Amino acid sequence: MKRVITYGTYDLLHHGHINLLRRAKELGDYLIVGVTSDSYDRERGKLNVRNNVLERVEAVKATGFADEVIIEDYIGQKIDDIQKYNIDIFAIGSDWEGKFDYLNEYCQVLYLPRTEGISSTQLRAESMSATTIGIIGCGRVASRFPSEAAIVGEVTISGCFDINIDKALRFASDSGVKAFDNLESLIDSSDAIYIATPHLAHYPLIKQCVAARKHVLCETPMVLKKEQAEELFALAEENGVVLMEANKTAHCPAFNHLMVMIKSGMIGQVVDVEASLSKLWDDDLSLREFDASQAGGSMYELGSYPLLPIVKLMGLRYENLNLYSRITNGVDMYTKGVFHYPYATCSFKVGLGVKTEGNLVISGTKGYAYVPAPWWKTDYFEFRYEDQNQNKKFFYKWDGSGLRYEIQEFVSCIINKRFATTRLSRRESIFMAEIMERFAERKNFITL
Ligand code: CTP
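Sequence order as written defines the numbering, with residues in each chain counted from 1. With the structure being a predicted model, the display of local features is reserved for residues of pLDDT at least 70 and the display and counting of side-chain atom pairs for 80 or more, all residues being used for whole-chain, interface and lining totals. With hydrogens and water stripped out, all remaining heavy atoms of the structure feed into the side-chain values.

The next subject is the sheet that holds strand 1 (residues 3-8). Backbone-to-backbone hydrogen bonds pair the strands of a sheet. The strands run either parallel or antiparallel. Across the sheet, which stays open at both edges, the five strands sit in the order 3-2-1-4-5 with parallel pairing between neighbours. Bordering the open sheet on either side are strand 3 (68-72) and strand 5 (108-112), each of which pairs with just one other strand. Strand after strand, the sheet turns through a mean of 25 degrees between neighbouring axes, direction not considered. Strand direction decides the pairing type here: strand 2 (residues 30-36) and strand 3, joined by five bridges, are parallel. The residue bridging valine 35 from the neighbouring strand is isoleucine 71, located in strand 3. Paired strands are those between which DSSP finds at least two bridges. Numbering goes from the N terminus for both helices and strands, where a helix is a DSSP run of H or I of at least four residues and a strand is a run of E of at least two. To obtain each axis, a line is fitted to C-alpha atoms, and for helices this fit is confined to the stretch in contact; angles are then taken between N-to-C directions over 0 to 180 degrees.

Next up, the structure:
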């Protein structure tokens, strides 16, 4: 029996795929089709695949040509599969001509004619015009946005606006986008808005954009009051638009995988989470980050990052939270928070004026997860056990400044009309606003 294998993403399955699968099947008696996993596609830079892996597998099965469908999840798997499944022929479209010659060592390699004039890329582009995103707030944070958005594809930047027109003009000339001198015109010219202004401007801006039926991606912390977060998410839903908090750790591939592995019991029951993040800032106390009237300080600046693993793993229902801060000129240069959950404790440390070891340690009844600094944009973590032979290390890809992952999820929510992302749910965003509010109200608060 002649066994054939072929691989692909098979997004938005089209007649080019069907022709290829038919030709591959005709080469032998048994056809195995490898469909790429979502994480593997992301890893190799395919960020805008529309169908998830289950949908793509179902589509391939429905062609009736595959005798078996497998998932391709890592580089080098093709060699493993060819040996494992005793393959005679590896077949792939002619767009890959020469790229898989190295497999000749293991089986026959055939490049089959590609069907002209059709591809998933083309279908994705035709099915939806690009989402135009306008940028409000032309500071440091926003500067990475245009280049990262360009990588995602299906996104164009409509322009930028800043209350300081010089800043907008500088941003425009650096990044090649158009500067608007009028906020309403920018909002009118965009399908969606990315807000990267100082924290206190977020609430009124989100309200304005959402009321104009524009999707909004807002920098973290989105707002500093629970009620405001609830109101804005309700308003977004009423207006049929996506509102998402831009917490880049929530979209980090390694972080996401760490969360699901822990939830599936890799370290037993979680009993403690410790997360720390510090960024010793310039001594220039006139900066916004040190200005109490502009919601400066460590907690507002950094707090939503360590709160993320805590709320993801332990949920919303803590019993108590104690906060400890070192305050200078009305802003916290350092804050430590200790949560008591029914069966666990969690603590976080954030510092603009105190340096901490910025790692994440999650302790469980069977072992612990260790993520070294900078855990908030990590490409690596470890599971450690009493028996060191059981320890496991995991490595991932983290490209650029990582913004591409959150932009991609934002655009995917818009295209697929998903009003919320599981990577940072609305309830989790509201939880973060609630903690910021407790901090502002100085609840269970001790000054150091
Ligand atoms: N293929 C083909 N003819 C086409 C498109 C794809 O023969 N017009 C083949 C590819 O060469 C590959 C398989 O179908 O062997 C799966 O390819 P995949 O990358 O999933 O499809 P594309 O449409 O090329 O996807 P994309 O545009 O995202 O690269």
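Read on for the rest.
Let us now look at helix 4 (residues 77-84). Every buried residue of helix 4 is listed here: Gln77, Lys78, Asp81 and Ile82. Projection of helix 4 onto a plane perpendicular to its axis shows the buried side chains occupying an angular sector of 135 degrees, all on one side. Exposed residues lying more than 90 degrees from the buried face of helix 4 are Gln83 and Lys84. We call two residues in contact whenever any of their non-hydrogen atoms come within 4.5 Å of each other. On the buried face of helix 4, the contacting elements are strand 1, strand 3 and strand 4 (89-93). Just downstream of helix 4 lies asparagine 86, where phi reads positive at about 55 degrees. Classification of residues uses two cut-offs on accessible area relative to the type maximum, computed with a 1.4 Å probe and protein chains only: under 20% is buried, over 50% is exposed, and between them is partly exposed. Comment: arc refers to directions from the helix axis out to C-beta atoms.

Two aromatic rings from Phe, Tyr or Trp, using only the six-membered ring of Trp, form a pair when their centres are within 6.5 Å; if the ring planes differ by under 30 degrees the pair is stacked, by over 60 it is edge-to-face, and anything between is tilted. Evaluation of the coordinates by the stated rule reveals 20 aromatic pairs. Relative to phenylalanine 90, the ring of tyrosine 7 lies with its centre 5.9 Å away and its plane at 35 degrees, an arrangement referred to as tilted. With a gap of 83 residues between them, tyrosine 7 in strand 1 and phenylalanine 90 in strand 4 connect regions that are remote in the sequence. Both rings, one in phenylalanine 339 and one in phenylalanine 431, keep their centres 6.1 Å apart while their planes meet at 25 degrees; by these two values the pair is stacked. Placement of the pair is phenylalanine 339 in strand 13 (residues 331-341) and phenylalanine 431 in helix 15 (residues 426-440), with a sequence separation of 92 residues. Chaining the aromatic ring pairs together yields one cluster made of Tyr7, Phe90, Trp96, Phe100 and Tyr102. Ring-over charges, as used throughout, are those where CZ of Arg or NZ of Lys falls within 6 Å of the ring centre and within 35 degrees of the ring normal. A cation sits over an aromatic face here: arginine 442 above phenylalanine 439, 4.9 Å from the ring centre. Here the guanidinium or amino end of arginine 442 rests over the ring plane of phenylalanine 445, the centre of that ring lying 4.5 Å away.

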